[in-house]
Amino acid sequence: MNKYIFVTGGVCSSLGKGVAAASLGSLLECRGLTVRMIKVDPYINVDAGTMSPYQHGEVYVTDDGAETDLDLGNYARFTASTLSRANSITTGQIYQEVIRREREGRYLGRTVQVIPHITDRIKQRIRAVGDEAGVHATIVEVGGTVGDIESYPFLEAVRQMIHELGKKNVLAVHLTLIPEVANGELKTKPTQHSVKELREIGIQPDVLLCRAPEQLPEDMRRKIALFTNVDVDGVISAYDIKSTLYEIPLMYHQQGLDSICLSRLEMEIPEADLSGWERVVSVVTGSSQVVRIAVVGKYIELSDSYKSVDEALIHGGIANDSRVQLIKVDSEKIERGEIDPEKVFAEIDGILVPGGFGSRGIDGMVRTAEYARTRGIPYFGICLGMQIMVIEFARNVLGLNGADSTEFVPDCQNPVVSLLEEQIDVKNYGGTMRLGRSASRLLPDTLIRSVYGEEIIYERHRHRYEVSNSYRQRLNESGLTTGGVTEDSSLVESLEWAGHPWGLGVQFHPEFISRPADAHPLFREFIGASIRYRGQRSGVVGET
Ligand code: GLN
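Throughout this document, residue positions are counted from 1 along each chain, in the order its sequence is written. Reporting of local features is limited, given that this is a predicted model, to residues whose pLDDT is at least 70; pairs of side-chain atoms are given and counted only at 80 or more, and all residues count toward the totals for whole chains, interfaces and linings. The side-chain quantities take in all heavy atoms of the structure and omit both hydrogens and water.

By definition, any uninterrupted DSSP run of H or I lasting at least four residues is a helix, any uninterrupted run of E lasting at least two residues is a strand, and each is numbered from the N terminus. Per the secondary structure count, the protein includes 20 helices and 21 strands. The atom set for the radius of gyration is the C-alpha atoms, and the globule formula is 2.2 Å times the number of residues raised to the power 0.38. A compact globule built from 544 residues should have a C-alpha radius of gyration of about 24 Å, and the protein, at 25 Å, falls within 12% of that. With respect to the three principal axes, the spread of C-alpha positions in the protein is 70 × 65 × 45 Å. Whether a residue is buried, partly exposed or exposed follows from its accessible area with a 1.4 Å probe, protein chains only, as a fraction of its type maximum: under 20%, in between, or over 50%, in that order. Across the 544 residues of the protein, 58% fall into the buried class. We get accessible surface area from the Shrake-Rupley algorithm with a probe of 1.4 Å; when it comes to residues, only the shown protein chains can shield them. For the protein, the exposed area adds up to about 22200 Å²; of that, 48% sits on carbon and sulfur atoms. Counting 58 positive and 74 negative side-chain charges, the protein places the centres of these two groups 3 Å from one another. His residues and chain termini do not enter the charge count, which takes Lys and Arg as positive and Asp and Glu as negative. The atoms used to mark charge sites are NZ of Lys, CZ of Arg, CG of Asp and CD of Glu.

The following block contains the structure:
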């Protein structure tokens, strides 16, 4: 029987449920088990594709082109779970599927209701992933906070699964907050209320992860256990980690989270090997070398907007035995003259321009790319960041007036980035975004080919506009070299500045597949180049 672990959240949002679920998944993998991860999002959007990064953080893209919640990125960084469209479930999808079946007459005249039709569909979707042969445990993170109206159908499905499969096959983990009040006292009352609310729905949690500024004293854990009916060894202190996210699996392991879960599920408890996480943490916390990377974009106020990019940069640092300091720069402020590039980039070792949509902040990014190109600062452009390289080069080197992307200026004089002819024809029907994993061919004697060491590579895409082929030759001849193309050579996948120490852009998103102990080669080499640049700039290699 495959096992299920549900992770719910109480008291308030943003307590780190995604990382907690991913850490538990990783701990089970460290004991040799095969794990699957699922995110359930109670919102009515069918997927995260249309959601603003300001509101919801990054959109994470899977191989099969699903646009999902950023927690899937956490799962990808912490675990080896396969991740596809099947692993991201929203209320919108469930209702869409149930309504489609109703229209097809599949409910044979019955009244279609939340219970059983919606809850059945939720359970089917979860079990379609978790019942796969060879999977030992499936961790399902239920988004939102217990008590939210929209979470009810999902929590009811959890209750039913516990009832149907039995307590030894389904485990309920609840993440709550133990706030500190003005006099420094820790308060358990919100946790008591949150568990009460969960029990009213019919779910008795087996494990509580209690977020608190510090380790909970033993007597407080006993008190929480008594009030919530959870065994005291199941009351875990999820205390604040100051150094790095990647210490969280170790923090949970030290308190026995993984063995408690396995023993409640009546599973064997194989030896755990945490050496991978220990190595990662020792570099992130211990290295004396620091490299400063500027991320220049427009969604910078929200710390999660470029989550996978930020993490991939840290991975690149780990691969180079270096810590990475991220400096977020608002491209609109450069554009408006509120930030002087000379000043902000003076102490910077490398510049990254990430993906994005819409015209705001574009000129600030173009100025950034120009600065990096002309000063020989390592530059890494991702998706929009590569299109920015094209616009900058066309304007400043080819001298093309009004060189732009038709995304920003539809009738620009020189559309160096634009929609393809076929896309223009079908524009009104949507579905023109290039999404998901596809192959690129890397050309000989290019920087990118040397980074990957391979000719054919597979990366994930999420964009609509392309480098215009009518300008390709002119750009190439003047020093913006094509490094990669689609397999049929029809589209540009990567560009680089000839003669520059490290200036490269890619149309795809390598950040989605980078892992802490296995950095994506582009991030590894970008950070390596930034460390070298730092050495030249200061005359001392990488000193703090
Ligand atoms: N807005 C650009 C496009 O649609 C770039 C997209 C991105 O950076 N993900 O092509």
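More follows now that the structure is in view.
Lining the immediate environment of the ligand, one finds Gly355, Gly356, Phe357, Cys383, Leu384, Gln387, Glu407, Arg462, His463, Arg464, Tyr465 and His509. Counting of polar contacts relies on pairs of N or O atoms within 3.5 Å, with two restrictions inside protein: one atom must be capable of donating a hydrogen and the other of accepting it, and residues adjacent in sequence are counted only when both atoms are side-chain atoms. Here an oxygen atom of the ligand sits 2.8 Å away from a polar atom, N or O, in the main chain of Tyr465. Between the ligand and the protein, one listed contact pairs a nitrogen atom with a side-chain N or O atom of His509 at 3.3 Å. Expressed as a share of its isolated accessible area of 290 Å², the protein-covered part of the ligand is 98%. Grouping the constituent residues of the shell around the ligand by class yields four nonpolar, five polar and three charged. Here a residue counts as near a molecule or strand whenever at least one of its heavy atoms sits within 4 Å of it. Three classes are used: nonpolar for Ala, Val, Leu, Ile, Met, Phe, Trp, Tyr, Cys and Pro, charged for Asp, Glu, Lys and Arg, and polar for all others, with Gly counted as polar.

Burial analysis of strand E10 (residues 290–297) places seven of its eight residues in the buried class, which makes it a mostly covered element. The criterion for strand pairing is that DSSP finds at least two bridges linking the strands in question. Bridge count for E10 against strand E11 (residues 323–330) is eight bridges, and the pairing is parallel. Its bridge partner being in E11, Ala294 is matched across the sheet by Ile327. Looking down the strands as they point away from the viewer, one classifies a crossover as right-handed if the path from the first strand across the helix to the second runs clockwise. Handedness of the crossover joining E10 and E11 through helix H12 (residues 307–319): right-handed. As paired elements, E10 and strand E12 (residues 350–353) share three bridges and run parallel to each other. The residue of E12 that forms the bridge with Ala294 is Ile351.

This brings us to unusual backbone geometry. Residues Ile115 and Pro116 are joined by a peptide bond in cis, for which omega reads 10°. Take Pro116: it is sitting in helix H5 (residues 114–130). Backbone geometry places Leu108, a non-glycine residue, at a positive phi of 50°. Tracing the sequence through the fold places Leu108 in the loop between helix H4 (91–103) and H5. Although it is not a glycine, Asp445 sits at a positive phi angle of roughly 55°. In this fold, Asp445 is placed in the loop between strand E16 (434–442) and helix H18 (447–452).

Taken together, the seven strands give an open sheet; going across it, the order is E5-E2-E6-E1-E7-E8-E9, and neighbouring strands pair in parallel fashion. The two strands at the open ends of the sheet, each matched to only one other strand, are strand E5 (88–90) and strand E9 (235–239). The average undirected angle you get between the axes of adjacent strands in this sheet is 20°. Across six bridges, strand E1 (residues 3–9) lies against strand E7 (residues 170–177) in parallel orientation. In the sheet register, Val7 faces E7, and the bridge partner there is Val173. Set on the sheet, H4 makes contact with strand E2 (35–41) and E5; between it and E5 the angle comes to about 70°. Seen against the sheet, H5 touches E1, E2, E5 and strand E6 (137–142) and runs at an angle of roughly 125° to E1. Angular values range over 0 to 180 degrees, each being the angle between N-to-C directions of two axes fitted as lines to C-alpha atoms, with helices fitted over their stretch in contact. Contacts: residue pairs with any heavy atoms within 4.5 Å of one another.

Relative to each other, H4 and H5 sit at 115°, their axes nearing to 10 Å. In this structure, H4 crosses over H5, and the sense of that crossing is right-handed. Together, Gln93, Ile94, Tyr95, Glu97, Val98 and Arg101 of H4 and Val114, His117, Ile118, Arg121, Ile122 and Arg125 of H5 make up the contact between the two elements. For a crossing to be left-handed, the near helix must be turned anticlockwise from the far one by less than a right angle; the clockwise case is right-handed.

Keep in mind these numbers describe shape, not what the thing actually does.
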